[in-house]
Amino acid sequence: MNAPHEVSLVADDARRSALLAGLAKILPDAALLWKPEDTVPYECDGLAAYRQVPMAVALPDNEDQVCAILRLCHSLQVPVVPRGAGTSLSGGAMPIATGLVLSLAKFKRIVSVDVRSRTAVVQPGVRNLAISEAAAQYNLYYAPDPSSQIACTIGGNVSENSGGVHCLKYGLTVHNVLRVRAVTMEGDVVEFGSEAPDAPGLDLLAAVIGSEGMLAVVTEVSVKLIPKPQLAQVIMASFDDVAKGGNAVADVIGAGIIPAGLEMMDKPATAAVEEFVRAGYDLDAAAILLCESDGTPEEVAEEVERMSEVLRASGASRIQVSQSEPERLRFWSGRKNAFPAAGRISPDYYCMDGTIPRKHIGTLLKRIEEMERKYGLRCMNVFHAGDGNMHPLILFDGADQDEWHRAELFGSDILESCVELGGTVTGEHGVGVEKLNSMCVQFSAQERDLFFGVKAAFDPARLLNPDKAIPTLARCAEYGRMHVKRGLLPHPDLPRF
Ligand SMILES: Cc1cc2nc3c(=O)[nH]c(=O)nc-3n(C[C@H](O)[C@H](O)[C@H](O)COP(=O)(O)OP(=O)(O)OC[C@H]3O[C@@H](n4cnc5c(N)ncnc54)[C@H](O)[C@@H]3O)c2cc1C
């Protein structure tokens, strides 16, 4: 199959009028936005450097409306971008000029919580944290906990296969979602997975989770709930060198321990956070690790002891264990507020999301230090160390085009180092529009063609969130032509146009 060219629908007045007239028959007035002052708030997601005002925004509140909207857009060949809370950091929910934003914000009902099967059925616009809040009365919770969990929706989490602090032990979204109900671009309702332990047929649930809104629009999700642990304690371990801290992560896992959370922050990150949250971090350390243990009091005591031993042997200069639940939450609040803290010390930040084998964390952190000098920009590191999922935050001023350009090059350099070290260009934030070029480095033309094949099986007209996540052959050729790394031209097999 030939990879398609990027969508280049021209905004034409006739199509716009037909779309608005059709939508007006499906939705009440208040659920259809088309005036510039109403659509501008949707022009970007969490990756605010990329912006585009859409033709219109639809806010349906039931599945029949979603089906009708998609059928209408399909018949008019109007591209559709599904949207949850718009916290994506990769531009996945960024609109298309000639397209419709389909907001699922009104789908915020928790349909049911079943204590006996420890599951919940929720609509896609339900916030991640709201699921755990609803389950708390049964002493249950939903484990994947992105730092954005107060705002981001389960529909967005499914589409990005989101992770969080506790995913090292309890799994990512894909491990905690049992069933997804969705609508295809042609307006047909489909179901993936099941609430039973297994589902017959090909495992398309795993294909839909992480598909970045390109295969179907999620309208209902069944999630697993797990019992809240009796006790949790977190260790804060200080290191006088980032590489030592990085190596300690591999040592903890290598010792056969899977902590409930294993996160790392370097000195620039703890400094920024401390001013903002007063989390009680060691500001003299070059890096700190936060290692959580949960379970019964006996299990926690034993694991904290073992982890402390490993951390000391790996060179930790100081170890502090949370002594109360408020102190544990304070340690985590610093980590969870690290991105907003970056926003306080810099006009803009650019968050990378590469993943590498844990044993290379120290190597990558040292390379990032060199890159800071090369690109003349500061970077702070705060990340899911146990998963090897790095989140370098490149600090820059978006008003300065040269700084933004250097930030983009810096980001690509980091992601390509991740690939070189045996990792991937994205861990949990998705590809969106942000990492399209880096996908050219990670995947061959044949592999990208297979991705387009899956997309075509769900959405042959290529109207659902097009031009995201999978780069075209032409784009990769262009990137390859411009991008010479360490004197070598990547993918010399690709035709250079
Ligand atoms: C401060 C901050 C911290 C963050 N921390 C984390 C973190 O720890 N871990 C993590 O994984 N991510 C993190 N993120 C990224 C982001 O919050 C997640 O990707 C989240 O899952 C996005 O959810 P959303 O509802 O905002 O989706 P949106 O941003 O609205 O959309 C994201 C993608 O999902 C698609 N989509 C949304 N809803 C649907 C639907 N119903 N059907 C089909 N497609 C849909 C969109 O088209 C888009 O491609 C963070 C973001 C911020 C701003």
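Position numbers for residues start from 1 in each chain and track the written sequence from start to end. Whole-chain, interface and lining totals are the exception, using all residues; otherwise, since this is a predicted model, local features are given only for residues with pLDDT of at least 70 and side-chain atom pairs are given and counted only at 80 or more.

A. The arrangement of the overall build of the chain in detail. Scanning the chain from terminus to terminus reveals 18 helices and 18 strands. Taken over the C-alpha trace, the chain has a radius of gyration of 23 Å; the compact-globule value for 497 residues is 23 Å, and the two agree within 12%. If you line up the chain on its principal axes, its C-alpha atoms span 70 × 60 × 45 Å. In the chain, which comprises 497 residues, the share counted as buried stands at 49%. The long-range fraction of contacts in the chain, counting pairs at least 24 apart against all pairs at least 6 apart in sequence, stands at 72%. Counting from the N terminus, the helices are the DSSP runs of H or I reaching at least four residues and the strands are the DSSP runs of E reaching at least two. Both definitions apply: the radius of gyration is a C-alpha atom measure, and the globule rule equals 2.2 Å times residues to the power 0.38. The burial criterion counts other C-beta atoms lying within 10 Å of a residue's C-beta, which is placed from the backbone; the residue is buried at 20 or more, exposed at 12 or fewer, and partly exposed between these limits. Here, residue contact means that the backbone-derived C-beta atoms of the two residues sit within 7 Å.

B. Inspection of the sheet that holds strand S9 (residues 189-193) at higher detail. For two strands to be treated as a pair, DSSP must find no fewer than two bridges joining them. Across the sheet, 5 strands lie side by side as S5-S6-S10-S8-S9; this open sheet has antiparallel pairing. A single partner strand is all that each edge strand has here, and the edge strands are strand S5 (110-114) and S9. The average undirected angle you get between the axes of adjacent strands in this sheet is 15 degrees. As paired strands, strand S6 (residues 119-122) and strand S10 (residues 217-224) are joined by 4 bridges and run antiparallel to one another. For every element, the axis is a line fit to its C-alpha atoms; helices are fit only across the contacting stretch, and the angle between N-to-C directions ranges from 0 to 180 degrees.

C. Examining the pairing of strand S4 (residues 100-103) more closely. In S4, alternate side chains face the same way, and those of Leu 100 and Leu 102 on one face and Val 101 and Ser 103 on the other are all buried. Pairing between strand S2 (residues 56-58) and S4: 3 bridges, direction parallel. Looking across to S4, one finds that Ala 56 is bridged to Leu 100.

D. Representation of the sheet that holds strand S1 (residues 32-33). In spatial order, the strands read S1-S2-S4-S3; together these 4 strands make up an open sheet with mixed pairing. At either end of the open sheet lies a strand with only one pairing partner, and these are S1 and strand S3 (80-83). For S1 and S2, the ladder comprises 2 bridges, and the chain directions are antiparallel. The residue of S2 that forms the bridge with Leu 32 is Ala 58. Contacting S1, S2 and S4, helix H1 (residues 13-26) crosses the sheet at an angle of about 20 degrees to S2.

E. Focus on the domain arrangement of the chain. What the domain assignment reports for the chain is domain 1 (4-103), domain 2 (110-227), domain 3 (231-340) and domain 4 (346-482). Once you take the C-alpha centre of each, domain 1 and domain 3 turn out to be 43 Å apart. For the domains described, the bounds stem from an automatic or database domain assignment.

F. Focus on the site of the ligand. Being near a molecule or strand means, for a residue, that its C-beta atom, positioned from the backbone, comes within 6 Å of it. Within the structure, the ligand sits among 36 residues, and Gly 84, Gly 92, Gly 155, Gly 156 and Gly 213 are positioned closest to it. Elements that contribute at least two residues to the shell around the ligand include exactly S3, helix H5 (154-160) and S10. For the shell around the ligand, the leading source of residues is H5, giving 5 residues. In this classification, the charged set is Asp, Glu, Lys and Arg, the nonpolar set is Ala, Val, Leu, Ile, Met, Phe, Trp, Tyr, Cys and Pro, and all remaining amino acids, among them Gly, are polar. In terms of residue class, the shell around the ligand is made up of 12 nonpolar, 19 polar and 5 charged.

G. How the structure looks around the UniProt feature "domain: FAD-binding PCMH-type" (unreviewed entry) in the chain. Taking the UniProt record as the reference, the feature "domain: FAD-binding PCMH-type" (unreviewed entry) is found at residues 50-228. Regarding residues 50-228, the helix share stands at 23% and the strand share at 25%, and the terminal C-alpha atoms are separated by 39 Å. UniProt positions are given in the numbering used here, feature names are shortened, and annotations may be inferred rather than shown by experiment.

H. Representation of helix H12 (residues 325-336) in the model. Taking 1.5 Å per residue, 12 residues should reach 16 Å; H12 reaches 16 Å between its end C-alpha atoms and fits that length. Elements in contact with the buried residues of H12: strand S12 (231-239), strand S13 (261-266), helix H10 (267-277), strand S14 (287-295), helix H13 (338-345) and strand S17 (379-383). Each residue after the first adds 1.5 Å to the expected span of a helix.

I. Broad picture of the environment of Leu 202. Among the structural elements, Leu 202 can be located in the loop between S9 and helix H8 (204-208). On the neighbour-count criterion, Leu 202 (9 C-beta atoms within 10 Å) is exposed. Counting along the chain gives 19 residues from Leu 202 to Val 221, while the straight-line C-alpha distance between them is 19 Å.

J. The arrangement of the packing of helix H9 (residues 242-254) against helix H14 (residues 361-375) in detail. For the pair H9 and H14, the least separation of the axes is 7 Å and the interaxial angle reads 155 degrees. If you check the angle between H9 and H14, you find them roughly antiparallel. Crossing hand, H9 versus H14: right-handed. Where H9 abuts H14, its residues Val 242, Ala 243, Gly 246, Asn 247 and Val 249 lie against Ile 361, Gly 362, Leu 365 and Lys 366. Class assignment of the residues belonging to the contact of H9 with H14 gives a composition of 5 nonpolar, 3 polar and 1 charged. Here the angle decides the label: under 35 degrees means roughly parallel, over 145 means roughly antiparallel, 65 to 115 means roughly perpendicular, and every other value means oblique. Here is the rule for handedness: rotate from the far helix to the near one, and if that takes an anticlockwise turn smaller than a right angle the crossing is left-handed, while a clockwise turn gives right-handed.

K. Representation of unusual backbone geometry within the structure. Within the chain, Asn 161 stands out as a residue other than glycine whose phi angle is a positive 50 degrees. Position of Asn 161 among the secondary structure elements: in the loop between H5 and helix H6 (167-170). If you check the backbone angles, Arg 278 has positive phi at about 55 degrees while not being a glycine. Looking at the element boundaries, Arg 278 is found in the loop between H10 and S14.

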